[in-house]
Amino acid sequence: MENLLKRLRVDVNENIFLKDPFSSDLGKEIINISLILIADLGIENFTFKKLSVRIGCTESAVYRYFENKHKLLLFLTLWYWGFLENNLVLATVNITDPKQKLKIALEIMVKGPLFKYNDFIDPMSLKKLLTFEATKAFMTKEIDHEYQFGFFNQFDKLIIRIAEIIHEINPDYPYPKALVSTVMESSLIQAYYSEHLPNLTEITGDTMKVAFFSDLVYKAIKV
């Protein structure tokens, strides 16, 4: 399974990019160097000009792949959630017990992918980037238009898949999607708080995060 996910490429909505970045060496560089630069500079200070200088290409060449940096950040964000969904599918393929599947799902949501290597993008660098930038990808004025055109399918599919596991455990629990989306976003926020605003949280690492969110989820669905 590790080798399968290593070669796996997440299919992000084609309306997010102008040209498939994985169709050329330059496109691959745009993805991987932007991952480093956005993590270093933050999306506010990141520009295609800075990216082009770092790569050694023209700024116009970058614009052939993405309309703007928002679309690039969306691509990276949705790629991550899509990769997590594939992790969950492969990690639970032979498991029938929904409680065991939920345990694995919580580990993946909170700690990141179980299978940590990929030929296209480094998933763990992507997780670190999302700790700082994920909410900036979808909390924008364009969200309704983007959602209408299916930009967030990867996000939706992961939430629905885990919500269905919760429904298997407790079909009477009324808020499975709200619970899952809360854990997905809050796990990144808690990581941010732990590193930068430590007085806002008791959590200091992934083990404590998993314990906290497991307690939250199991009590909510009364397991």
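Everything here concerns the structure above.
Quick caveat: nothing in here was measured; it's all calculated off a predicted structure.

1. Quick notes on the overall build of the protein chain
Secondary structure assignment for the protein chain yields eleven helices and zero strands. Walking the protein chain from its N terminus toward its C terminus, one meets helices and strands in the order α-α-α-α-α-α-α-α-α-α-α. Viewed in the frame of its principal axes, the protein chain has a C-alpha envelope of about 55 × 40 × 35 Å. Counting only residues that meet the buried cut, the protein chain has 47% of its 223 residues in that class. Of the contacts made within the protein chain by residues no fewer than 6 positions apart, 71% connect residues no fewer than 24 positions apart. Carbon and sulfur atoms make up 53% of the accessible area of the protein chain, which totals about 11,500 Å². Separation between the mean location of the 26 positive side-chain charges and that of the 28 negative ones in the protein chain comes to 2 Å.

2. Quick word on the pattern of salt bridges
Oppositely charged side chains can pair when the atoms bearing their charge come close. Counted according to the given criterion, the structure contains eleven salt bridges. Salt-bridge contacts for Lys209 lead to Asp206; the nearest nitrogen and oxygen are separated by 3.5 Å. Of the two residues, Lys209 and Asp206 both sit in helix α11 (residues 206–220), three residues apart, roughly one turn of that helix. Classification of Asp206 by relative accessible area gives partly exposed; the value is 31%. Sharing partners across several salt bridges, the network here consists of Glu44, Glu133 and Lys136.

3. Some words on helix α9 (residues 153–169)
In this model, α9 (17 residues) spans 25 Å end to end at C-alpha, consistent with the 24 Å of a helix rising 1.5 Å per residue. Of the residues making up α9, those classed as buried are Gln154, Phe155, Leu158, Ile159, Ile162, Ala163, Ile165, Ile166 and Ile169. Projection of α9 onto a plane perpendicular to its axis shows the buried side chains occupying an angular sector of 160°, all on one side.

4. Describing the packing of helix α6 (residues 98–111) against helix α10 (residues 176–196)
Look at α6 against α10: their axes get within 8 Å of each other, and the N-to-C directions meet at 35°. On α10, the residues touching Leu106, Met109 and Val110 of α6 are Val180, Val183, Met184 and Ser187. Looking at the contact of α6 with α10 residue by residue, the classes come out as six nonpolar, one polar and no charged.

5. Regarding the packing of helix α2 (residues 25–41) against helix α3 (residues 48–55)
Packed helices, taken two at a time, are described by the angle between their axes plus the distance between the axes. Packing of α2 against α3 leaves a shortest axis separation of 10 Å and a crossing angle of 120°. What the angle tells us is that α2 and α3 run oblique. Here the hand of the crossing between α2 and α3 comes out right-handed. Here Leu26, Glu29, Ile30, Ile33, Ser34, Ile36, Leu37 and Leu41 of α2 come into contact with α3, specifically with Lys50, Leu51, Arg54 and Ile55. Class assignment of the residues belonging to the contact of α2 with α3 gives a composition of eight nonpolar, one polar and three charged.

6. A short note on the packing of aromatic side chains
Applying the stated criterion to the full structure yields 13 aromatic pairs. Relative to Phe75, the ring of Phe66 has its centre 5.5 Å away and its plane inclined at 75°; by these criteria the two rings are edge-to-face. Judged by relative accessible area, which is 2%, Phe75 ranks as buried. Each ring, one from Tyr147 and one from Phe152, has its centre 6.4 Å from the other, and the planes form 25°; the classification is stacked.

Analysis parameters
- Residues numbered from 1 in each chain as written.
- Predicted model: local features only at pLDDT ≥ 70, side-chain atom pairs only at ≥ 80, totals over all residues.
- Heavy atoms only, no water.
- Helix = DSSP H or I, 4+ residues; strand = E, 2+ residues; numbered from the N terminus.
- Buried < 20%, exposed > 50% of the residue type's maximum accessible area, 1.4 Å probe, protein only.
- Contact = heavy atoms within 4.5 Å.
- Areas by Shrake-Rupley, 256 points an atom, 1.4 Å probe, with all protein chains shown as cover.
- Lys, Arg positive; Asp, Glu negative; His and termini not counted.
- Charge placed at Lys NZ, Arg CZ, Asp CG, Glu CD.
- Salt bridge = Lys/Arg side-chain N within 4 Å of Asp/Glu carboxyl O.
- Expected span 1.5 Å × (residues − 1).
- Arc of directions from axis to C-beta.
- Axes fitted to C-alpha atoms, helices over the stretch in contact; angles between N-to-C directions.
- Nonpolar A, V, L, I, M, F, W, Y, C, P; charged D, E, K, R; others polar.
- Parallel < 35°, antiparallel > 145°, perpendicular 65-115°, else oblique.
- Left-handed = near helix turned anticlockwise from the far one by under 90°.
- Phe/Tyr/Trp six-rings, centres within 6.5 Å; stacked < 30°, edge-to-face > 60°.

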